[in-house]
Amino acid sequence: MKPGRFDATVLTIGFAFLYIPILILVIYSFNASKLVTVWGGFSTQWYQQMWHNEALMDAAWVTIRVAVLSASIGTVLGTLAALALVRFVRIPARMLFSAMIYAPLVMPEVITGLSLLLLFVAVGVDRGFWTVVIAHTTFTMCYVAIVVQSRLVTFDRSLEEAALDLGCPPVKTFFAITLPLIMPAVVAGWMLAFTLSLDDLVIASFTTGPGATTLPIKIYSQVRLGVTPEINAACTLLIGIVTIGVIIASVATKRREYQRQRDEHLATTAA
Amino acid sequence: MSQASATSPGKARWLVVAVPYVWLILFFLMPFVIIVKISLSDTAISMPPYTPVFQGFSTLRDFISQLDFDNYLFLTEDPLYSEAYLSSLRVAVVSTLLLLLVGYPMALCMARANHGIRPTLVMLVILPFWTSFLIRVYAWIGILKPEGLLTLLLQSLHLYGPDEQVQIFRTQTAVYIGIVYSYLPFMVLPLYSALEKLDGTLLEAANDLGCPPWKAFWKITFPLSLPGVIAGSMICFIPITGEFVIPDLLGGAQTLMIGKTLWTEFFGNRDWPLASAVAVILLIVLVIPIVIFQNQQRKAEGGKA
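Everything numeric here is computed off the predicted structure, so don't read it as measured data.

Asks: What exactly am I supposed to notice about the overall build of chain B here?
Replies: Helices and strands together make up the secondary structure of chain B, namely 15 helices and two strands. The buried share of chain B, taken over its 305 residues, is 41%. Across chain B, every contact between residues at least 6 apart in sequence was considered, and the portion connecting residues at least 24 apart equals 71%.

Asks: Before we go on, may I ask you to explain the overall build of chain A in this structure?
Replies: On a plain count of helices and strands, chain A comes out with eleven helices and zero strands. Sequence-ordered secondary structure for chain A, helices as α and strands as β, is α-α-α-α-α-α-α-α-α-α-α. When the backbone C-alpha atoms are referred to their principal axes, chain A occupies close to 70 × 60 × 40 Å. Within the span of chain A, comprising 271 residues, buried residues form 45% of the whole.

Asks: What is the right way to read the packing of helix H6 (residues 129–153) of chain A against helix H8 (residues 170–199) of chain A from this model?
Replies: Relative placement of two packed helices is described by the angle separating their axes and the distance separating the axes. Residue and element names in this part refer to chain A. Following both chains from N to C, one finds H6 and H8 inclined at 155°, their axes separated by 9 Å at the closest point. Relative to H8, the element H6 is oriented roughly antiparallel. Considering the relative orientation of H6 and H8, their crossing is right-handed. Each of His-136, Thr-140, Tyr-143, Val-144, Val-147, Val-148, Arg-151 and Leu-152 in H6 lies in contact with H8, whose residues at this interface are Ile-182, Ala-185, Val-186, Ala-188, Gly-189, Leu-192, Ala-193, Leu-196 and Ser-197. Partitioned by chemical class, the residues of the contact of H6 with H8 number twelve nonpolar, four polar and one charged.

Asks: Looking at this structure, how should I read the interface of chain A and chain B?
Replies: It is common to give the size of an interface as the accessible area that goes away when the parts come together. In this complex, chain A contributes 65 residues to the contact, which on the side of chain B involves 78 residues. Partitioning the side of chain A that touches chain B into residue classes produces 53 nonpolar, seven polar and five charged.

Asks: In this structure, what is going on with the nonpolar core? I would like to understand it.
Replies: In terms of nonpolar packing, the biggest core is built from 163 residues, with Leu-114 and Ala-145 of chain A together with Ala-107, Val-278 and Ala-279 of chain B touching the most fellow members. A total of 16 residues in this core trace back to one element, the largest contributor, which is helix H9 (residues 172–196) of chain B. Setting aside residues up to four positions removed in sequence, Ala-145 of chain A forms contacts with Gly-78, Ala-81, Ala-82, Leu-85 and Ile-101 of chain A.

Asks: I would appreciate a short explanation of unusual backbone geometry in the present structure.
Replies: Working note: non-glycine residues mostly have negative phi, and peptide bonds are mostly trans. A positive phi angle, close to 50°, is found at Ala-93 of chain A, a residue other than glycine. A positive phi is found at Arg-270 of chain B, a non-glycine position, where the angle reads about 50°.

Asks: Is there a simple way to explain the environment of Pro-20 of chain B in this structure?
Replies: With respect to the element layout, Pro-20 of chain B can be found in helix H2 (residues 10–39). Exposure remark for Pro-20 of chain B: the 26 C-beta atoms within 10 Å place this residue in the buried category. Dropping the residues within four chain positions of it, Pro-20 of chain B is found in contact with Leu-77, Leu-80, Ala-81, Ala-84 and Met-141 of chain A.

Asks: What's the story with the environment of Trp-130 of chain B in this structure? I'm lost.
Replies: Inspection of the secondary structure assignment puts Trp-130 of chain B in helix H6 (residues 118–130). Sequence separation between Trp-130 of chain B and Leu-101 of chain B is 29 residues, and the spatial gap between their C-alpha atoms is 23 Å. If we ignore the near neighbours within four places in the chain, the residues touching Trp-130 of chain B are Thr-195, Val-242 and Val-246 of chain A.

Asks: Where do I start with the environment of Gly-232 of chain B in this structure?
Replies: Residues and elements named next belong to chain B. Among the secondary structure elements, Gly-232 is positioned in helix H12 (residues 226–241). The class of Gly-232 is buried, set by 28 C-beta atoms lying within 10 Å. Sequence separation between Gly-232 and Tyr-85 is 147 residues, and the spatial gap between their C-alpha atoms is 22 Å. Those residues in contact with Gly-232 that lie beyond four places of it in its chain are Gly-103, Phe-186, Met-187, Pro-190 and Leu-191.

Conventions we followed
Residues numbered from 1 in each chain as written. Chains lettered and ligands numbered in written order. Predicted model: local features only at pLDDT ≥ 70, side-chain atom pairs only at ≥ 80, totals over all residues. Helix = DSSP H or I, 4+ residues; strand = E, 2+ residues; numbered from the N terminus. Buried ≥ 20, exposed ≤ 12 C-beta atoms within 10 Å, placed from the backbone. Contact = placed C-beta atoms within 7 Å. Axes fitted to C-alpha atoms, helices over the stretch in contact; angles between N-to-C directions. Parallel < 35°, antiparallel > 145°, perpendicular 65-115°, else oblique. Left-handed = near helix turned anticlockwise from the far one by under 90°. Nonpolar A, V, L, I, M, F, W, Y, C, P; charged D, E, K, R; others polar. Core = buried A, V, L, I, M, F, W, Y, C linked by C-beta atoms within 7 Å.

What follows is the structure in structure tokens.
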């Protein structure tokens, strides 16, 4: 084995590459100067300006509502899909089903966006808030399905089988035993779905309509005109929301994991 | 498996499969049928801006007689489109190789790190992924602009004169930087999960038998990490081919990519049928990599179960 010096250098460079651009963005959102490259001292004026920018705040509100709704529907659908994939062998046209789960993960967004838009036009639905929710649900559910699926394949089924043997109905067994045990994965899936929806520009651009401008669409239209500290502030706010969410989720997952281990331990010792 | 199937009541079981299945057929499969249909129709200046090929379910012969391959013919006649497809594929191939070049050493070092810090390292790779794609690309504009931070850094290090500026923004180089930066987590994670599973005793044995480390890498580590290499490459290659945001924000006039072309046809020229035809051909181009990706995923699923 080579000395750890080399490995540490590679990792440091790699992580610096990943984090420095984001750090710079956050730092410059507190810049008093309007020029992006000149440091004019610490200031929160861009946050105040952003707060009073009604169009930006409206877009933020739309984005959060879309993200919560589509992540929640997507988590329910994705969890069902994962259960179907792992637990049920006899799915009609199983190949088609799993292909439809995996394909959206890599499908270029321009194709997904355009095809969904054409569907909405073909059936004569007015585009707006709900069409974005449907579009986001469709691609986020596949990510949730993958996350939950990976938990289900390593799942110890003895508790479930015990419940079923003792006469617990399958649906009740699912809610009383299976769901609590896979909950960390379901929560992680929801978080992933929420951020994917929060971030999406391309699919939202195709499927949105009047009155449903999301934050990425708003940011994109302003970025094209140039870099402004106000956009830095909006971006930092988004990063902040996501970071806090990730921290809460990972703490919650850790606690649940701990609880699960304790419960499983209790269950095995009791048995 | 058989036990659950035997004890599950038909109805609930049926719903578990049917609900996501129907949703995906409605909102994933159906749109592709429609996109093919519209790519075969004429452009019209109306709302929606195309003439439907068939309304309702008329007879099949009627339908076929009305099919119109003009959009596809147009795509083959104008060299702009074939160039855009080729250049997208070129960018995707080069980017994927660059990503392997950057991602592989990172994944390898992560897999060789102490067990204790591995989860932290994985978390550090995943975290930027939680940050908006758009924001991460935007961050690079401020760095790469001629009067941006990179110029400032090079000038303060006296590597550049006060009048010299970095000419990267709005070039192909900027597009590559943006792509490698944005897709790096997607490459590192599959590589890491393949390398982590590697049996360390194999390398020890090679070492004991006098095999030099670099040879051991080529004979043992790399071949065993191939599933990760393929998975990571496909996860990056396919979306990069259709990438829109990065070439649009960081690329220049000479950056020709099909995702951008599609976007312009749709939002700029409002030519929906042509945009659909562009999308259908892009999909055909990507069918092989998508099938490889699917098989890889299914294998991984089967392997774990």
